[in-house]
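One letter stands for each residue in the lines below.
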Amino acid sequence: DTCTAKKTKDATILYWNAQLEGMVTSMESPSIIIPGSTLKAGATYKLTCTVKQFFIDADASVTVYVRPRPLVPIIMGIGPGGAISTFVDTVGSGVTSFDPDATVTKLTTSVDNFEFAWTCQQLVEKCTQPEGLCPREKFEECDEYLIPTLPPNAPASEVPWAQRPTLKLNTTVLRDDWTYILGFNVTRIAEKLKPAFATRPSDALNVQSTVVPADFLASAEAVVRFTTTGGRPVLIYINRCDATKLGKADVCGIPVRSRVISSRQNLVLKATGSSTVGGSVTSYKWSARSEAGAGLSDAMILNSLDTNFLVIKPGSFPQGHVISLMMFCEDSAGNTGSAYLNLLVNTPPAGGDLQVSPGNGTAVMTEFEFRTYGWITTADLLPLVFEFFVEVPAAKVVLARGREQRASAVLQSGPVSHGHRLIVGVHVFDALDDRARLTKNVTVLPLLASSAMAVLSNVNTQVTEDLAQGRYSAAQAGIGAVAGTLNFAPPACVPPIPLVCTDTSECCQRRNLRTQLFESLENVNAKMLPSVATVLTQAAVLAVLTDKVDEVDVDLVKSAAFLMRQAMTNAKSLAVDGLELAQLLSGILDKLFSASAASAAGLLGATQHTEHLQPASLKSVGAGHAAHETAYDDGQPAGETGQIEGRLPHARSLKAVLTAVRARTLQRELLETVSAISATSVLQSEFGQKSTVLTSSKFVVNTTRVDVNPEHDASGR
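Residues numbered from 1 in each chain as written. Predicted model: local features only at pLDDT ≥ 70, side-chain atom pairs only at ≥ 80, totals over all residues. Heavy atoms only, no water.

(A) Representation of the overall build of the protein within the structure. Along the protein, the regular secondary structure elements total 11 helices and 30 strands. Burial status across the protein gives 44% buried among its 717 residues. Working note: accessible area of the protein is about 35400 Å², and carbon and sulfur atoms make up 54% of it. (Helix = DSSP H or I, 4+ residues; strand = E, 2+ residues; numbered from the N terminus. Buried < 20%, exposed > 50% of the residue type's maximum accessible area, 1.4 Å probe, protein only. Areas by Shrake-Rupley, 256 points an atom, 1.4 Å probe, with all protein chains shown as cover.)

(B) The packing of helix α3 (residues 452-468) against helix α4 (residues 472-488), seen in detail. Put simply, α3 and α4 touch, their axes get as near as 8 Å, and they point 160 degrees apart. Classified by the interaxial angle, the pair formed by α3 and α4 is roughly antiparallel. The interaxial crossing formed by α3 with α4 has left-handed handedness. For the pair α3 and α4, contact is made by M453, L456, V459, V463, D466 and L467 and by Y472, A474, A475, G478, I479, V482, T485 and L486, respectively. A class-by-class count of the residues in the contact of α3 with α4 yields 11 nonpolar, 2 polar and 1 charged. (Axes fitted to C-alpha atoms, helices over the stretch in contact; angles between N-to-C directions. Parallel < 35°, antiparallel > 145°, perpendicular 65-115°, else oblique. Left-handed = near helix turned anticlockwise from the far one by under 90°. Contact = heavy atoms within 4.5 Å. Nonpolar A, V, L, I, M, F, W, Y, C, P; charged D, E, K, R; others polar.)

(C) Inspection of unusual backbone geometry at higher detail. Here the bond from S357 into P358 is cis, since omega is -5 degrees, no more than 30 degrees from zero. For the peptide bond that leads from L382 to P383, omega is 0 degrees, which places it in the cis range. Relative to the helices and strands, P383 is located in the loop between β23 (367-373) and β24 (385-391).

(D) Here's a closer look at the packing of aromatic side chains. Following the criterion strictly, the structure yields 4 aromatic pairs and no others. Aromatic side chains F116 and F184 sit 5.8 Å apart centroid to centroid with 10 degrees between the ring planes, which places their arrangement in the stacked category. Within this pair, whereas F116 is found in strand β8 (residues 114-123), its partner F184 is found in strand β11 (residues 179-188), the two being separated by 68 residues in sequence. You'll find F116 and F184 in the same group, each marked buried. Where Y180 meets F226, the ring centres are 5.7 Å apart and the plane angle is 20 degrees; that geometry is what we call stacked. Taken as a pair, Y180 in strand β11 and F226 in strand β13 (residues 220-229) lie far apart in primary sequence, 46 residues in all. (Phe/Tyr/Trp six-rings, centres within 6.5 Å; stacked < 30°, edge-to-face > 60°.)

(E) Summary view of the layout of surface pockets. What the second largest pocket holds in volume is close to 790 Å³. If you trace the second largest pocket, you find 24 residues lining it, with E131, C134, P135, E137 and R225 closest to the centre. The set of elements that each furnish at least two residues to the lining of the second largest pocket consists of β13, β17 (281-290), β19 (322-331) and β20 (336-345). Among the elements that take part in the lining of the second largest pocket, β19 stands out by supplying 3 residues, more than any other. (1 Å grid on protein atoms, 1.4 Å probe; cavity = no way out; pocket = protein on both sides within 12 Å on 5 of 7 lines; lining within 4 Å. Points joined across faces, edges and corners; volume = space filled by probe spheres on them.)

(F) Molecular detail of the pattern of salt bridges. Taken as a whole and judged by the stated rule, the model has 18 salt bridges. Residue R510 is joined to E506 by a salt bridge in which the shortest nitrogen-to-oxygen separation is 3.0 Å. Taken as a pair, R510 and E506 lie in helix α5 (residues 506-527) at a separation of 4 residues, close to a single helical turn. Judged by relative accessible area, R510 falls into the buried class, the value being 4%. Judged by relative accessible area, which is 34%, E506 ranks as partly exposed. The shortest N-O distance in the salt bridge between E551 and R510 comes to 2.8 Å. Here R510 lies in helix α5 and E551 lies in the loop between α6 (532-545) and α7 (554-571), a separation of 41 residues in the sequence. Here the residues in one salt-bridge network are E506, R510, R514, K548 and E551, joined through shared partners. (Salt bridge = Lys/Arg side-chain N within 4 Å of Asp/Glu carboxyl O.)

(G) How the structure looks around the state of the cysteines. Tallied over the entire structure, the rule returns 4 disulfides. Disulfide pairing is shown between C120 and C142; the S-S distance is 1.8 Å. Residues C120 and C142 are joined through a disulfide that is left-handed, its torsion about the S-S bond being -70 degrees. On the criterion of sequence distance, the pair formed by C120 in strand β8 and C142 in the loop between β9 (139-141) and β10 (166-168) is long-range, its members being 22 residues apart. (Disulfide = S-S within 2.5 Å.)

(H) Just α7, in detail. With 18 residues, α7 extends 26 Å between its outermost C-alpha atoms, agreeing within 8% with the 26 Å of an ideal straight helix rising 1.5 Å per residue. Considered for burial, the residues of α7 that qualify are V554, L556, V557, A560, A561, L563, M564, A567, M568 and A571. (Expected span 1.5 Å × (residues − 1).)

(I) Quick peek at the nonpolar core. One finds L411, M564, L589 and L592 to be the most contacted residues of the largest nonpolar core, which totals 84 residues. For this core, the element with the most residues is α7, which contributes 10 residues. Among all residues touching L589, those that are not within four sequence positions of it are M564, L670, T673, V674, I677 and F699. Membership of the second largest hydrophobic core comes to 31 residues, among which are L107, C142, L167 and L182. (Core = buried A, V, L, I, M, F, W, Y, C linked by side-chain atoms within 4.5 Å.)

(J) Region of interest: the packing of α5 against α7. Taken N-terminus to C-terminus, the directions of α5 and α7 make an angle of 20 degrees; their axes are 11 Å apart at the nearest point. Compared by their axis directions, α5 and α7 come out roughly parallel. Note on packing geometry: the crossing formed by α5 with α7 is left-handed. The residues of α7 that touch α5, namely those facing R514, F518, L521 and N525, are L556, S559, A560, L563, Q566 and N570. When the residues that make up the contact of α5 with α7 are grouped by side-chain class, the tally is 5 nonpolar, 4 polar and 1 charged.

(K) Region of interest: the pairing of β20. Covered by surrounding structure in β20 are G337, A339, L341, L343 and V345 only, the residues T336, S338, Y340, N342 and L344 on the alternate face being uncovered. Looking at chain direction, strand β15 (residues 260-261) and β20 are connected through 2 bridges and run parallel. Within β20, the position partnered with V260 by the bridge is L344. Examined bridge by bridge, β19 and β20 share 9 bridges and lie antiparallel to one another. Considered in β20, the bridge of S324 is made with N342. Linking β19 back to β20 in an antiparallel pair, the connection comprises 4 residues, with G334 at a positive phi of about 90 degrees. (Pairing = 2+ DSSP bridges.)

Spatial relationships are all this shows, so hold off on functional conclusions.
Shown next as structure tokens:
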């Protein structure tokens, strides 16, 4: 969750509960993010922010209750939309159901910890007319004895069939070629919960209660619809898997219950088929149908239609439409079976507007105000998150992100080719991460050349202040604005570009300023908790920062490559779109290769300069000893004080040689980064998925993830 406190300009100290130490990145930031994994279900938290002004303290508190997640009931053995035989004993098992808050309730998956209840409904009347002419289906209670009852002489301790975790239907009562709906309810047992709450601690942050909250006693239900047949069909069960875990072993470990899908995420499905005659399933085939008539083509998927595992690309189906995903199976005896899963494609927020004021201004000097309002979505998809952004040639840079519907920021200058116009806008996200997009054009004029560096340096000072005050998003936007304005400034670095800056030329001032901006970006990266939004935004700002290669020196190339690898490491534990991140990083790496080449050219010139200045003693020893053994043309020893003027050219030459040691490894490190980007591009893929191709002006990567069998790979890769 996110909490924000506002203070007046005169307030000097702001801090949160001492108990939050270690849970948030900064105790003195006005905005804190508490990771969901640190909050316990059923607990009430009191968050207190204290602002100290001179000798006076002021407190503000908010109390937050964390509701438990519902149980996850899972029906195995009967697939939704599938067929079961009237000749085969049919079993619906709920023993795989689980408690997502087991760390709080201490309830294992043991059936002794839960209460179960099965219900059954059957179709009242079958329609024989064409599909479009049939009335809405009606269902009634199933025929008596379909769910077996206990005999009159059964022991009182014996649990009725309808209350057991596993249900066995009386198939002699099933009607042939008829539709049924089974319901399965799971509830936590109150007595089993009491020990978990009896000993829970209480402190100033976590206001606890030893009483079991009523929310923990709510039931959760799963339903499955199936049709009977007189044959021996293959039994099929279709699970919707967690798309955020693609590429991980547990991608289908916890099925997703929701039947509403985001249009911006991959849709991941897994079908499990079993033969009713003891054979094996030999073939799988997926198909789909939507209200708009759209089917499932090869271009819409990331792997194959002929496997039990399916990954469908985002945006493959129309928003607001119901789609039916169907699986057809055949076993080794020639028996077939089919099942389907109906899903609703979510509709993103709509109806909103965006105002930007003023409509024109000057780069990094004019503060633009953003305001959005009027957005509509369903209650279960709240709260909405608003992301204000600016689109520049290098990337999309996020200016602010959160629940606030207002933001303000300075912007970089717009490109001359577009009349200095920039695209600014807002993305509005709902709880499923579906988003609406609204944009406006603003005109941002460049700074006067005579005062540009002074103004940009002042803005950089503001970036440093934003960092100190915990305004990390503002600092990040400021970095992008300064770097973007530098990108559109007239060239200041002309060949031969110096490898080492030791003068006060504008070229050196710009390179030094970019280095300072990068250091600020590193600080932002260290302070902000890794998330999908922060990783992508930091990569976008880095793209702007490295866009003008003649102002990027060797040290910045090396540091930027390291920050890229750090972003890829963070992405491994997040639901980042691997391909999107890889494409963004490919553009950055393309610039770093160019900057590295420019540095190599500068290095060559510097080395030639060194050869001219240095006697044989420097050429005959390693660079690590050169500082002690260099003799100058005028005979002055290098270690003697004085004669500063005479030593400066040689000091520059020496630094160039020492820089060459780092530069020699830089190309290799950049090539290793290409490999890391390749791995990132398929981070969220599965075995057998189609290859991923990334193309830039410097390299092409074609990556396919394969399943390496250790038994057949002696190298142990």
